[in-house]
Amino acid sequence: MWQSVKRMTVTAFLYGSAMLAVAAGVQPAPPWQRVHLIHDGLAYDFPVYANHPLDGDLSKIEQIVLIQHGILRNGDAYYAAGASFLKDSGVDPDKVLLLAPNFPAKADLAKGFDHMPLWHAGGEHNWAGGDDSVNPPYRISSLQVLDDLLQKLTDKRRLPKLGRVTLAGHSAGAQMMQRYAALNNVDEAIRSRGIDVRYVIANPSSYLYFTPDRPQGVTFAPYDIAQCADYNQYRYGMKEMVPYGRGRSGMELFDRYARRQITYLLGGDDNDPNHPKLDKRCGAEAQGPSRLERGLAYQRYERHLAGTALPLARSEYEVIGVGHNQTGMFGSQCGRVALFGNGGAGSGSGAICRPAPTGD
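Parameters at a glance
- Residues numbered from 1 in each chain as written.
- Predicted model: local features only at pLDDT ≥ 70, side-chain atom pairs only at ≥ 80, totals over all residues.
- Heavy atoms only, no water.
- Core = buried A, V, L, I, M, F, W, Y, C linked by side-chain atoms within 4.5 Å.
- Buried < 20%, exposed > 50% of the residue type's maximum accessible area, 1.4 Å probe, protein only.
- Contact = heavy atoms within 4.5 Å.
- Helix = DSSP H or I, 4+ residues; strand = E, 2+ residues; numbered from the N terminus.
- Expected span 1.5 Å × (residues − 1).
- Polar contact = N/O pair within 3.5 Å; in protein donor to acceptor, adjacent residues only side chain to side chain.
- Axes fitted to C-alpha atoms, helices over the stretch in contact; angles between N-to-C directions.
- Parallel < 35°, antiparallel > 145°, perpendicular 65-115°, else oblique.
- Nonpolar A, V, L, I, M, F, W, Y, C, P; charged D, E, K, R; others polar.
- Disulfide = S-S within 2.5 Å.
- Salt bridge = Lys/Arg side-chain N within 4 Å of Asp/Glu carboxyl O.
- Phe/Tyr/Trp six-rings, centres within 6.5 Å; stacked < 30°, edge-to-face > 60°.
- Lys NZ or Arg CZ within 6 Å of the ring centre and 35° of its normal.
- Pairing = 2+ DSSP bridges.
- pLDDT = per-residue confidence, 0-100.

1. With respect to the nonpolar core
Point 1. Core analysis: the biggest nonpolar cluster contains 67 residues, and Phe210 and Tyr257 have the highest contact counts within it.
Point 2. Beyond its immediate sequence surroundings of up to four residues, Tyr257 is in contact with Gln178, Ala181, Ala182, Ile201, Phe210, Ile262, Tyr264, Tyr298, Glu302 and Arg314.
Point 3. If you look at the next biggest cluster of nonpolar residues, it comprises 26 residues, including Tyr49, Val96, Phe340 and Cys353.

2. Description of helix α2 (residues 75-89)
Point 1. The first and last C-alpha atoms of α2 sit 21 Å apart over 15 residues, in line with the 21 Å expected at 1.5 Å per residue.
Point 2. Regarding α2, the residues found buried are Gly75, Ala77, Tyr78, Tyr79, Ala80, Ala81, Gly82, Phe85, Leu86 and Ser89.
Point 3. Backbone geometry just after α2 places Gly90 at a positive phi near 85 degrees.

3. A closer look at the side chain of Ser89
Point 1. By the element assignment, Ser89 lies in helix α2.
Point 2. A distance of 2.7 Å separates the side chain of Ser89 from the backbone oxygen of Leu86, its partner in a polar contact.

4. Quick word on the packing of helix α4 (residues 172-183) against helix α6 (residues 250-258)
Point 1. Where α4 meets α6, the closest approach of the two axes is 8 Å, and the angle between their N-to-C directions is 105 degrees. Between α4 and α6, the angle falls in the class roughly perpendicular. When α4 is examined against α6, the residues Gln178, Ala181, Ala182 and Leu183 are found in contact with a partner set consisting of Leu253, Arg256 and Tyr257.
Point 2. Split into classes, the residues belonging to the contact of α4 with α6 amount to five nonpolar, one polar and one charged.

5. Here's the deal with the state of the cysteines
Point 1. Counted by the stated rule, this structure contains two disulfides.
Point 2. Here Cys228 is linked by a disulfide to Cys282, with a sulfur-sulfur distance of 2.0 Å. A torsion of 60 degrees about the S-S bond marks the disulfide between Cys228 and Cys282 as right-handed. One end of the pair, Cys228, is in the loop between β8 (219-222) and α6; the other, Cys282, is in helix α7 (residues 282-285), with 54 residues separating them in the sequence.
Point 3. You can call Cys282 partly exposed: its relative accessible area is 31%.
Point 4. Covalently, Cys334 is tied to Cys353 through a disulfide, its sulfur atoms 2.0 Å apart. The sign of the S-S torsion, about -75 degrees, decides the handedness of the disulfide formed by Cys334 and Cys353: left-handed. Placement of Cys334 in helix α10 (residues 333-340) and of Cys353 in strand β11 (residues 353-355) is noted, with a sequence separation of 19 residues between them.
Point 5. The exposure class assigned to Cys334 is buried, which follows from its relative accessible area of 10%.
Point 6. Along the protein chain, the cysteines engaged in disulfide bonds are linked according to the scheme 1-2, 3-4 when indexed in sequence order.

6. Here we look at the pattern of salt bridges
Point 1. Applying the stated criterion to the full structure yields 17 salt bridges.
Point 2. Arg259 is paired through a salt bridge with Asp255; the nearest N and O atoms lie 3.1 Å apart.
Point 3. In this structure, a network of salt bridges that share partners links the residues Asp187, Glu188, Arg191 and Arg260.

7. Quick notes on the packing of aromatic side chains
Point 1. Applying the stated criterion to the full structure yields 16 aromatic pairs.
Point 2. Ring geometry for Phe103 against Trp119: centres 5.2 Å apart, planes inclined by 80 degrees, an arrangement best described as edge-to-face. With a gap of 16 residues between them, Phe103 in the loop between β4 (96-101) and α3 (142-153) and Trp119 in the loop between β4 and α3 connect regions that are remote in the sequence.
Point 3. Lying over the aromatic face of Tyr257, Arg314 brings its terminal NZ or CZ to 4.7 Å of the ring centre.

8. Observations concerning the pairing of strand β1 (residues 33-39)
Point 1. Summarising the sheet, β1 and strand β2 (residues 42-50) pair through seven bridges and their orientation is antiparallel. Looking across to β2, one finds that His39 is bridged to Leu42.
Point 2. The antiparallel hairpin formed by β1 and β2 contains two residues in its connecting segment, where Asp40 sits at a positive phi of about 50 degrees.

9. Quick word on the pairing of β2
Point 1. Here β2 lies mainly inside the structure; seven of its nine residues are buried.
Point 2. With three bridges joining them, β2 and β4 adopt antiparallel strand pairing. Bridge pairing links Ala50 to Leu99 in β4.

10. As for the confidence of the model for the protein chain
Point 1. Confidence along the protein chain averages 89 in pLDDT terms, with 91% of residues attaining 70 or more.
Point 2. Mean pLDDT values for the elements of the protein chain range from 41 in helix α1 (residues 18-24) up to 98 in strand β9 (residues 261-267).
Point 3. Residue range residues 1-24 is modelled with pLDDT below 50. Its contacts to residues more than four positions away, or to other chains, number 164 contacts.

11. Re the side chain of Ser141
Point 1. For Ser141, the location among the structural elements is in the loop between β4 and α3.
Point 2. Apart from the residues lying within four places of it in its own chain, the contact partners of Ser141 are Trp119, Gly130, Asp131, Asp132 and Tyr244.

Spelled out as structure tokens, the structure:
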């Protein structure tokens, strides 16, 4: 899916199929580009959809918007949706590099994804959680792939005007991006080069907790292991961490995570505890009954850990009247601004947002 890259704003969405793009009347994605990456001396290719030739002139790019697909591994549909959001935002597309990486599984080989890392298509261990690819000689975390992409994306020799990277996701894509925001070791190095790094996390089924505590009414306490013995295992907690995320304690990770620029978007109507795509494993159920309640509880949890000494670099919104729908979330008034900056406000159409209730 893609070949080189440079410029800035990385935004990731999850959950949605090509039918969303068709229903919205958006244009189909262009052919994917093959990008050449390297990690620990091992070169590998990776597919990406993009609105500019990645081996072309990127000197005008000011933002990179990366759209992360969800469980269907349909980067083309996420790219098409992102292109529609970009068109409606009013932001100059010549100044935005819109990207949608595609994490392939063996079932996707017919698409031409040969000589590339492959991941499990589903289950608990797959690309969405940061697990390693499964086909030798490639043993690389999906989160490391994002690192390697960003290494190219933030090269100011090719993107001298690059000033903003936004990483965003919806649903399963949001689960991946929330873990990436917590675990990656490249954020501060990119910001030290004068590039703003932001994460947009919308309607995930679960979050990564940094301690054994879980919501207990309005407060937090260790969960009852009699109800769920592995509730604190990754991807819900710190136990049995994937290799990519090892080396720091939970509170060390939280101290760093708290300082990173994160926008949480919660659908006001994404409150169905029986939603067919909601994670119902007990580790997720320990975080709350629905996506809305899990998100609100996690925001309280962050304030619980931060106390009065640690400032939180956060924006938190409830998108009124929107359920589990990426188009409604990212097409909302706060969604467009989160993705494209203040210039993305456009005509002001889209669902209305309000600050998420704190419950404090």
